Amino acid sequence: MAADPKPGCVAVFGGSGFLGRAIVESLVAEGITVRVAVRSPGNAKIPEPPGPAGKIEAIYADVRDETSVACAINGCDAVINAVGLYVERGTETFEAVHERGALNVAHQCAAQDIRRLIHISGIGADLNSESSYVRARARGELLVRDVFSRATIFCPSVLFGPDDKFLNTLIKIIRRSPVFPLFGTGGTKLQAVYVGDVAQATLRALRKPASRGKTYELGGPRAYTYRELIELILSRINKRRRLLLPLPFFAWDFLAAMASVLPAPPLTRDQVTLMKSDNVVAENSLTFKDLGVKATALEKILPEYSF
Ligand SMILES: NC(=O)c1ccc[n+]([C@@H]2O[C@H](COP(=O)([O-])OP(=O)(O)OC[C@H]3O[C@@H](n4cnc5c(N)ncnc54)[C@H](OP(=O)(O)O)[C@@H]3O)[C@@H](O)[C@H]2O)c1
């Protein structure tokens, strides 16, 4: 099947976030005009256009407000929803952002007959999860499909990249503390995926007609247990004398409950829940391979981190 034409203008919700920035950079590098839809266009962390100026424009949008979504996507060929919310605050709830917000974006894409929508969710989204975050992600996917059936859904595993929160937080803890507590025995598997690869996959999907209406699970070239990830970081930091302490999940649940009263909790119950199950690409799912993207090994990117 012939490739779809390169989109002229793409709106990226969440374009100031970790994944969103990588997507914006990849789109602009292809000469595509990007409209970064964010809540604070003046202050948001938006990438600088590398080439000719004027390829990136920032516009106000809050996915909870359908009118702002309508304005943000007006005249665009494609829309990417890379909005993320990990901690609920007041009216910023998982339901408001990952369900109603996702629905607003998909609904406006349908109303304005936008050619393509890529909705970012995550591996492990589950309607029956004990985590309200994970349930909201699963319901969000259903709502998007319901109103815009040709949407492409990406479910990445945990993302890494030199400016990520995930590995940089682990590096910080390992540097400071002689003891490193593991989630359970540290046996949970994570198929950590390079943020730049997910951005590349976005570009590929926008040009690939067969990706319409499909869901892709995106993971790195290998799955690491949590313990293996920590040992990999230890080997880089060269501080091998750290005690890796298994800590049962009920203790993590308790710590997360205590932390939930803090304004910016360092650990949430949803994160603990996610760490109870493997976060790996399911057999028989569509993957990077189906989009022609070769996943980058963590070992290749690790030297770019500040240890
Ligand atoms: N990071 C990972 O390891 C990982 C793994 C799997 C899946 N994912 C998924 O990938 C997506 C992006 O994650 P991320 O880690 O890049 O998130 P992030 O760095 O926390 O960025 C979140 C983005 O969402 C925007 N946002 C939040 N609430 C909004 C609202 N109401 N209206 C409009 N924009 C809003 C933020 O914009 P403001 O500037 O306005 O705050 C920001 O640009 C999420 O769907 C996440 O679940 C991430």
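This structure is a prediction, so every number in the text was calculated from the model and none was measured.

Rules behind the numbers
- Residues numbered from 1 in each chain as written.
- Predicted model: local features only at pLDDT ≥ 70, side-chain atom pairs only at ≥ 80, totals over all residues.
- Heavy atoms only, no water.
- Axes fitted to C-alpha atoms, helices over the stretch in contact; angles between N-to-C directions.
- Helix = DSSP H or I, 4+ residues; strand = E, 2+ residues; numbered from the N terminus.
- Parallel < 35°, antiparallel > 145°, perpendicular 65-115°, else oblique.
- Left-handed = near helix turned anticlockwise from the far one by under 90°.
- Contact = heavy atoms within 4.5 Å.
- Nonpolar A, V, L, I, M, F, W, Y, C, P; charged D, E, K, R; others polar.
- Core = buried A, V, L, I, M, F, W, Y, C linked by side-chain atoms within 4.5 Å.
- Buried < 20%, exposed > 50% of the residue type's maximum accessible area, 1.4 Å probe, protein only.

Asks: Please give an account of the packing of helix H2 (residues 66-73) against helix H3 (residues 94-111) that cites residues and values.
Replies: Two elements in contact, H2 and H3, have axes separated by 9 Å at closest approach and are oriented at 50°. When the interaxial angle is binned, H2 and H3 end up oblique. H3 is crossed by H2, and the crossing has right-handed handedness. On the side of H2, the interface is formed by Glu 66, Val 69, Ala 70 and Ile 73, while H3 contributes Asn 104, Val 105, His 107, Gln 108 and Cys 109. Of the residues in the contact of H2 with H3, the class split is five nonpolar, three polar and one charged.

Asks: With reference to specific residues and values, describe the nonpolar core.
Replies: Ranked by internal contacts, the top residues of the largest apolar core, which has 66 residues, are Ile 23, Leu 27, Phe 154, Leu 167, Tyr 226 and Ile 230. Residue contacts for Leu 167: discarding those within four places in its chain leaves Phe 160, Ile 233, Leu 298, Leu 302 and Tyr 305. One finds Phe 13, Cys 109, Leu 117 and Ala 151 within the second-largest nonpolar core, a separate group that totals 27 residues.

Asks: Run through the packing of H3 against helix H4 (residues 132-147), naming residues and quoting values.
Replies: Axis separation between H3 and H4 bottoms out at 8 Å; the angle between their running directions is 15°. Classed by the angle they form, the pair H3 and H4 counts as roughly parallel. In this structure, H3 meets H4 at a crossing whose hand is right-handed. Along the contact surface, H3 presents Phe 94, His 98, Glu 99, Ala 102, Leu 103, Ala 106, His 107 and Ala 110, while H4 presents Ser 132, Tyr 133, Ala 136, Arg 137, Arg 139, Gly 140, Leu 143, Val 144 and Val 147. Grouping the amino acids of the contact of H3 with H4 by side-chain chemistry returns 10 nonpolar, four polar and three charged.

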